Amino acid sequence: MAIRVGVQADSREECAEGLAQLVDAGYVPVMLPALVTGNRWIARAVPPKTRVAPAGDDPGRGPGVSG
């Protein structure tokens, strides 16, 4: 599932400010402010990629350690 967050504004400056707030919250911009139909501005951002720990029985314990 792809998560995207959009900003819609009446001016380029408002749109850029909204995108900056998303970036401050940790999002990554994927579309800078662009003028679209209806004289509106939009921008998009996505959550940062996160690392997933490798699957395993118990990564905190080494071999030879009894329960």
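To start, this report covers the structure provided alongside it. (Residues numbered from 1 in each chain as written. Predicted model: local features only at pLDDT ≥ 70, side-chain atom pairs only at ≥ 80, totals over all residues. Heavy atoms only, no water.)

### Some thoughts on the pattern of salt bridges
Link 1 in the chain: In total, this model carries 1 salt bridge according to the counting rule given.
Link 2 in the chain: Asp10 is the partner of Arg40 in a salt bridge, and the nearest nitrogen-oxygen pair spans 2.5 Å. Of this pair, Arg40 sits in strand S3 (residues 40–46) while Asp10 sits in the loop between strand S1 (5–9) and helix H1 (12–24), and the two are 30 residues apart along the sequence.
Link 3 in the chain: Note on Asp10: relative accessible area 51%, which makes it exposed. (Salt bridge = Lys/Arg side-chain N within 4 Å of Asp/Glu carboxyl O. Helix = DSSP H or I, 4+ residues; strand = E, 2+ residues; numbered from the N terminus. Buried < 20%, exposed > 50% of the residue type's maximum accessible area, 1.4 Å probe, protein only.)

### Some points on the environment of Ala20
Link 1 in the chain: With respect to the helices and strands, Ala20 occurs in helix H1.
Link 2 in the chain: Relative accessible area serves as the criterion here: at 32%, Ala20 is assigned to the partly exposed category.
Link 3 in the chain: Measuring from C-alpha to C-alpha, the distance between Ala20 and Ala45 comes to 9.9 Å, with 25 residues separating the pair along the chain.

### Some details on the sheet that holds S1
Link 1 in the chain: The 3 strands are arranged S1-S3-S2 in an open sheet whose pairing can be described as antiparallel. Sheet topology places S1 and strand S2 (28–36) at the edges, where each strand pairs with a single neighbour. Neighbour-to-neighbour, the strand axes of this sheet turn through a mean angle of 15 degrees, independent of strand direction.
Link 2 in the chain: In the sheet, S2 pairs with S3 via 6 bridges, with the strands oriented antiparallel. Along S3, the bridge assignment pairs Met31 with Arg44. (Pairing = 2+ DSSP bridges. Axes fitted to C-alpha atoms, helices over the stretch in contact; angles between N-to-C directions.)

### Describing the nonpolar core
Link 1 in the chain: Core analysis: the biggest nonpolar cluster contains 8 residues, these being Val7, Ala9, Cys15, Leu19, Leu22, Trp41, Ala43 and Ala45.
Link 2 in the chain: Going through the elements one at a time, S1, H1 and S3 are the ones with two or more residues in this core.
Link 3 in the chain: The contacts of Trp41, once residues within four sequence positions are left out, are Val7, Gln8, Ala9, Asp10, Ser11, Arg12, Cys15, Pro33, Ala34 and Leu35. (Core = buried A, V, L, I, M, F, W, Y, C linked by side-chain atoms within 4.5 Å. Contact = heavy atoms within 4.5 Å.)

### So, the pairing of S3
Link 1 in the chain: Here S1 pairs with S3 via 5 bridges, running antiparallel. Note on S3: the bridge partner recorded for Val5 is Ala45.

### Overview of unusual backbone geometry
Link 1 in the chain: Its identity as a non-glycine residue notwithstanding, Asn39 has a phi of 55 degrees, on the positive side.
Link 2 in the chain: With respect to the helices and strands, the residue Asn39 is situated in the loop between S2 and S3.

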